[in-house]
Amino acid sequence: MRMVPPDRFQAQAIVDYIAMFQWNYISLIYSEGAYGENGARQIIMHTKLKGICIAYETKVSPFNSVRDYDLIVENLLINRNAKVVVLFLDISDT
């Protein structure tokens, strides 16, 4: 039995929420693997349809080092116009 909606519905709801608040410039961080990569693909597809820009996008994995995460934070700070960061992550990556 599945207790959560499919990734495509989660992504659609996330993008609808972003559009409702008129956040048109976001960043996206997602997990390596089927869950995160599929969710990211869905979010990218829906943001394009709604004219929402993705300023920065990156994939994380369980093998990322502390330095890798520092670089992600630096890139988020560089893109200051993106006030929203969407995380499509497995619990272990969170």
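Residues numbered from 1 in each chain as written. Predicted model: local features only at pLDDT ≥ 70, side-chain atom pairs only at ≥ 80, totals over all residues. Heavy atoms only, no water.

## Regarding the sheet that holds strand β1 (residues 25-31)
Rule in force here: Pairing between strands is defined by DSSP: at least two bridges between the two strands are required. Think of it this way: any DSSP run of H or I at least four residues long counts as a helix, any run of E at least two long counts as a strand, and we number them from the N terminus. Fitting a line to C-alpha atoms yields each axis, with helices limited to the stretch in contact; the angle taken between N-to-C directions then spans 0 to 180 degrees. Throughout, a contact is declared for two residues whenever any of their heavy atoms are within 4.5 Å.
Ordered in space as β2-β1-β3, the three strands form an open sheet in which the pairing is parallel. In this open sheet, the two strands that pair with only one neighbour each are β2 (53-60) and β3 (84-88). When strand polarity is set aside, the average angle formed by the axes of neighbouring strands in this sheet is 20 degrees. Of the strands in this sheet, β1 and β3 are in contact with helix α1 (residues 7-20), which crosses β3 at around 170 degrees. The sheet contacts of helix α2 (residues 34-50) involve β1, β2 and β3, and relative to β1 the element is tilted by about 160 degrees.

## Describing the environment of isoleucine 52
Along the polypeptide, isoleucine 52 turns up in the loop between α2 and β2. Placed 16 residues apart in sequence, isoleucine 52 and glycine 36 show a C-alpha to C-alpha distance of 19 Å. Ignoring sequence-local partners within four residues, the contact set of isoleucine 52 consists of Val15, Ile18, Ala19, Trp23, Asn24, Tyr25, Ile26 and Thr47.

## Considering the side chain of aspartate 93
As a reminder of what qualifies: Exposure categories follow from relative accessible area, calculated using a 1.4 Å probe and restricted to protein chains: below 20% of the type maximum is buried, above 50% is exposed, and the middle band is partly exposed. In this count, Lys and Arg are taken as positive residues and Asp and Glu as negative ones, while His and the chain termini are left out. Salt bridges are defined by distance alone: a side-chain nitrogen of Lys or Arg within 4 Å of a carboxyl oxygen of Asp or Glu. What qualifies as a polar contact is a pair of N or O atoms within 3.5 Å, subject to a donor-acceptor requirement within protein and to the restriction that residues adjacent in sequence count only when both atoms come from side chains.
Within the fold, aspartate 93 resides in the segment after β3. Although aspartate 93 is buried, it forms no salt bridge, and the closest oppositely charged side chain is lysine 59 at an N-O distance of 11 Å. At 2.6 Å, the side chain of aspartate 93 forms a polar contact with the side chain of serine 31. Non-local contacts of aspartate 93, meaning those with residues more than four positions away in its chain, are made with Ser31, Glu32, Val60, Ser61, Pro62 and Tyr69.

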